[in-house]
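Close look at the chain arrangement
One-letter residues, chain by chain:
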Amino acid sequence: MDFAPDPRTEELRVELLAFMDEHVYPAEAQFERRDPAQPFSWERPKIMAELQMEARRRGLWNLFLPDHERGAGLTNLQYAPLAEITGRSPHVAPEALNCAAPDTGNMELLHLFATPEQREHWLEPLLDARIRSAFCMTEPDVASSDASNIALAMAPSPGGGFRLSGRKWWSTGALSIDCALLVVMGRSHPDAPPHKRHTITLVPRNAPGVVIRRGLSAFGYWDETHGGHAEIEFHDVEVGPEAVLGVPGHGFALAQARLGPGRIHHCMRLIGMAERAFDLMCERVTRRVAFGRPLAEQGVVHEVIADSRVKIEQLRLQVLRCAWLIDTLGAKAAASEISAIKISAPETAQWVIDKAIHMHGAGGMTADSPLAMLWAQARGLRFADGPEEVHRMSLARRELRRFQVH
Ligand SMILES: Cc1cc2nc3c(=O)[nH]c(=O)nc-3n(C[C@H](O)[C@H](O)[C@H](O)COP(=O)(O)OP(=O)(O)OC[C@H]3O[C@@H](n4cnc5c(N)ncnc54)[C@H](O)[C@@H]3O)c2cc1C
C-alpha cells in the first residue's frame, strides 16, 4: 500500500497550494459577510472572475470531473487531496476552480444522462462557468430526507412535456444572478411504486411561473458566494419534452446517482475545513498566556490538540479508502463506505472546529476569524445530501443483511 500521491496529483497539489497562498487567502476578505443594513446583492464579487481566470491558467479547472475531454480526468483518489485543500476556504476556493456544489453535482448528472442538445445548452456553459445552477429537491411541506416523499406536481402536458406546480426550498445557488438552470425533481407518476414516481426536468430559472420567494439564512449566514439558499414557487411552469433529463419516472435513481460523488466531495472538503481550524487553534494556543504560561503548555490543551489530530487522520484515511473503492468497484459497491463518511466527516469537522472556537475564547464566535463560518458550514453539511440518521439507517441495514437468516 502506497500512501504517496502519484506524480500528477502531486504536481496539481503543489500548484493548488501556491494558488491558495497567492490568490485565495488574500481574496477572502472580499467574500466576508456584507453589512446586513446594506441591500442584498447576489452578485459574486468581481474578484471571482479573476480567480477563475488564474485557476484556469494554472490548469486547476474542473478537477472534479473524471472525464478526460471535458474535465481534468482525475480519479476520486487523485481528486481527494485537492478537494481537501479547497475545503480550507470553502466559500472561495471551490468556485474559483469551478468545483463548487451544487454545480458539480448538476454537471455530473448532465454529463451522465443529458442528450447531446441538453449538454450543449446547459453543460458546456456550466463547465465554462458562464452560468450557474441549482438542484431543487427539498420541499418545505414534506420530509425530504425520504426522497420518495417529494411532492411537487409534474402533470404530463400534451406534446410530452410537463406542467410544474409546487414549492421548493434550500435550493442552493438559485439566488445568484448567474444562475440560469434549475434541476427540478417532481412527482410525475403518482400511482407508480415509490421509486418510479419522479422525474427530473431542466427548467430555465427565468421560465414564466418560476418565483424566487426569498433567501434562507443559515445561522445568520446567507452563503452569498454559494448563490444563497432559495425558497422557490412553481406556478404552472410549462416545460417541453426536451427538458426531461433521462427517462420520465426514473428521477429517483438519477437523484441518487447525483448524490454519490457529490457526497464524497463534501467529505473531502470537510477534512480541509478541519485542518484550517486545527492550524488556527495551534497558532492561538501558542500565543495566548493564561495563569502564567501559554495555553499550549496546559495538559487539557494537549489532549484537545492530540484528539483533533487523531480524528482528522482517521477521517482522511476513511475518505481516501472510500474514494479508492468508488474508483475500483463503483459508487454502488461503495455505498456503505459513502454512508460511513457522510456520517463521520461533518461530525469530525464540527468537533474539531468547535474545539478551535473554544480555544479562541469568546473571540472564536465572532467573524474576526473564519471559525464561525466554518462551523456553520460543517453543521449545514450534516443535513445537505441527507441527514446522518438516514445514512446510519442505510449503513446498518446493509451490515445486518449479512446476518439475516430468512
Ligand atoms: C446548507 C444546506 C444546503 C442544502 N442544499 C440543498 C440543495 O441544493 N438542494 C436541495 O434539494 N436540498 C438542499 N438542502 C436540504 C437538505 O438536503 C435537506 O434538509 C435534507 O435532505 C433533510 O430534509 P428535511 O430538511 O426535509 O428534513 P426531514 O426529512 O424533515 O427530517 C428532519 C429530521 O428527521 C430525522 N430523520 C429523518 N429520517 C430519519 C430516519 N430514517 N431515522 C431517524 N431520524 C430521521 C433527522 O434528524 C432529520 O434531520 C440543503 C440543506 C442545507 C442545510
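As the structure is a prediction and not an experimental result, all values here were calculated from the model. Along each chain, residue indices are assigned from 1 in the same order as the chain's sequence is written. Reporting in this predicted model follows two pLDDT cut-offs: at least 70 for local features of residues, and 80 or more for side-chain atom pairs to be given and counted; totals over whole chains, interfaces and linings ignore these cut-offs and use all residues. Side-chain calculation: all heavy atoms of the structure are included, whereas hydrogens and water are not.

This paragraph deals with the site of the ligand. By convention in these notes, a residue is near a molecule or strand provided one of its non-hydrogen atoms lies within 4 Å of it. Of all residues adjacent to the ligand, which total 18 residues, the nearest are Phe135, Thr138, Ser145, Trp170 and Thr172. For the ligand, a nitrogen atom lies 2.6 Å from a polar atom in the side chain of threonine 138. Within the contact set of the ligand, a nitrogen atom lies 3.2 Å away from a backbone nitrogen or oxygen of tryptophan 170. The method behind every accessible area is Shrake-Rupley, applied with a 1.4 Å probe, and residues are considered shielded solely by the protein chains displayed. Look at the ligand: alone it shows 970 Å² of surface, and the protein chains cover 69% of it. Secondary structure is summarised from DSSP: a helix means a run of H or I of at least four residues, a strand means a run of E of at least two, and numbering begins at the N terminus for each. Broken down by secondary-structure element, the contributors of at least two residues to the shell around the ligand are strand E3 (161-172) and helix H11 (388-401). Charged residues are taken to be Asp, Glu, Lys and Arg, nonpolar residues to be Ala, Val, Leu, Ile, Met, Phe, Trp, Tyr, Cys and Pro, and polar residues to be all remaining types, Gly included. Taken together, the residues that form the shell around the ligand break down as nine nonpolar, seven polar and two charged. As used in this structure description, the phrase polar contact means that two N or O atoms lie within 3.5 Å; if the pair is within protein, one of them must be able to donate a hydrogen and the other to accept it, and residues adjacent in sequence are counted only when both atoms belong to side chains.

For the rest of this paragraph, the subject is the domain arrangement of the chain. The split of the chain into domains comes from an automatic or database domain assignment. Entries for the chain in the domain assignment read domain 1 (7-127), domain 2 (132-250) and domain 3 (253-401). Each of domain 1 and domain 2 has a C-alpha centre, and these two points are 24 Å apart. Here a residue-residue contact requires only that any non-hydrogen atoms of the pair lie within 4.5 Å. At the interface, 23 residues of domain 1 touch 28 residues of domain 2. Between Lys or Arg on one side and Asp or Glu on the other, a salt bridge is scored when a side-chain nitrogen of the former is within 4 Å of a carboxyl oxygen of the latter. On the surface where domain 1 and domain 2 come into contact, there are three salt bridges. Arginine 132 is the salt-bridge partner of aspartate 103, the closest N and O atoms lying 2.9 Å from each other. The tally of links from domain 1 across to domain 2 stands at eight residue pairs in polar contact (both at pLDDT 80 or more). Secondary structure elements with two or more residues in the side of domain 1 that touches domain 2: helix H5 (103-113) and helix H6 (116-127). In terms of residues, the side of domain 1 that touches domain 2 owes the most to one element, H5, which gives five residues. Of the residues that constitute the side of domain 1 that touches domain 2, the class distribution is 13 nonpolar, four polar and six charged.

Attention now goes to the side chain of serine 133. Following the sequence through the fold, serine 133 ends up in strand E1 (residues 132-136). Side chain to side chain, serine 133 and aspartate 103 meet in a polar contact 2.6 Å long. Not counting residues within four places of it along the chain, the set of residues in contact with serine 133 comprises Pro102, Asp103, Asn106, Leu126, Thr172, Gly173, Cys179 and Leu181.

Multiply 1.5 Å by the residue count of a helix minus one, and that product is the helix's expected span. Its 21 residues place the ends of helix H1 (residues 7-27) 29 Å apart at the C-alpha level, agreeing with the 30 Å of an ideal helix rising 1.5 Å per residue. The angle between axes fitted to the seven residues ending at a residue and the seven residues starting there is what we call the bend at that residue. The sharpest bend along H1 comes to roughly 45°, located at methionine 20. Looking at the packing, one finds that the buried side of H1 touches helix H2 (47-57), helix H3 (76-87) and helix H4 (93-96). For H1, the capping residue at the N-terminal end is aspartate 6, with a side-chain oxygen 3.1 Å from the backbone nitrogen of arginine 8.

Moving on: the packing of aromatic side chains. Ring pairs are drawn from Phe, Tyr and Trp, using the six-membered ring of Trp, whenever the two centres fall within 6.5 Å, and their geometry is named by plane angle: stacked under 30 degrees, edge-to-face over 60, tilted for the rest. Applying the stated criterion to the full structure yields one aromatic pair. For the pair phenylalanine 219 and tryptophan 375, a centre-to-centre distance of 5.3 Å together with 65° between the ring planes defines the contact as edge-to-face. A residue pair is termed long-range when its members are at least 10 positions apart, and phenylalanine 219 in the loop between strand E6 (210-215) and strand E7 (229-239) and tryptophan 375 in helix H10 (residues 371-380) qualify at 156 residues. The ring of phenylalanine 278 carries arginine 309 above its face, with NZ or CZ at 4.4 Å from the centroid. To sit over a ring, a charge needs its Lys NZ or Arg CZ within 6 Å of the ring centre and within 35 degrees of the ring normal. The ring centre of tryptophan 351 lies 4.6 Å from the NZ or CZ of lysine 311, which sits over that ring.

Locating aspartate 21 in the fold gives a position in helix H1. A relative accessible area of 52% places aspartate 21 in the exposed class. Separated by 143 residues in sequence, aspartate 21 and leucine 164 have C-alpha atoms that sit 46 Å apart. Burial classification: accessible surface area is computed with a 1.4 Å probe over protein chains only, and a residue below 20% of its type maximum counts as buried, one above 50% as exposed, and the rest as partly exposed.

Turning our eyes to something else, we now look at a nonpolar patch on the surface. Nonpolar side chains collect at one region of the surface, where Met1, Phe3 and Leu317 lie side by side and expose about 450 Å² of accessible area between them. As for its placement among the helices and strands, leucine 317 is situated in helix H8 (residues 299-329). Leucine 317 gets classed as partly exposed once you look at its relative accessible area, which sits at 47%. Patch membership is restricted to residues that have no salt bridge and whose relative accessible area is over 30%. Joining uses 9 Å for like charges and 5 Å for the nonpolar side chains Val, Leu, Ile, Met, Phe, Trp and Tyr.

Enumeration over the complete set of coordinates arrives at 29 salt bridges. Put simply, aspartate 178 and arginine 44 hold a salt bridge, and the shortest N to O gap is 2.9 Å. Of this pair, aspartate 178 sits in the loop between E3 and strand E4 (179-187) while arginine 44 sits in the loop between H1 and H2, and the two are 134 residues apart along the sequence. Of the residues examined, aspartate 178 reaches a relative accessible area of 22% and is grouped as partly exposed.

Note on disulfides: each one is a pair of cysteine sulfur atoms within 2.5 Å. For the structure shown, the criterion picks out zero disulfides. Residue cysteine 267 stays outside any disulfide, its sulfur separated by 7.5 Å from that of cysteine 322, the closest cysteine. The buried category is assigned to cysteine 267, whose relative accessible area is 1%. Using a relative accessible area of 0% as the deciding quantity, one classes cysteine 322 as buried.

For the rest of this paragraph, the subject is the environment of alanine 174. Among the structural elements, alanine 174 can be located in the loop between E3 and E4. For alanine 174, a relative accessible area of 0% corresponds to the buried category. Considered as a pair, alanine 174 and arginine 132 are 42 residues apart in the sequence and their alpha carbons are 8.2 Å apart. Aside from chain neighbours lying at most four places away, what touches alanine 174 is Ala134, Cys179, Leu182, Arg205, Ile212, Gly227, Gly228, Ala230 and Ile232.

This paragraph deals with the nonpolar core. To form a nonpolar core, buried Ala, Val, Leu, Ile, Met, Phe, Trp, Tyr and Cys residues must be joined to one another through side-chain atoms within 4.5 Å. Membership of the largest hydrophobic core comes to 93 residues, with the highest contact counts inside it found for Phe19, Leu51, Leu63, Leu97, Leu110, Ile200 and Ile353. Excluding anything up to four places from it in sequence, leucine 110 contacts Arg119, Trp122, Leu123, Leu126, Leu181, Leu202 and Leu245. One finds Trp42, Cys179, Leu182 and Ala207 within the second-largest nonpolar core, a separate group that totals 22 residues.

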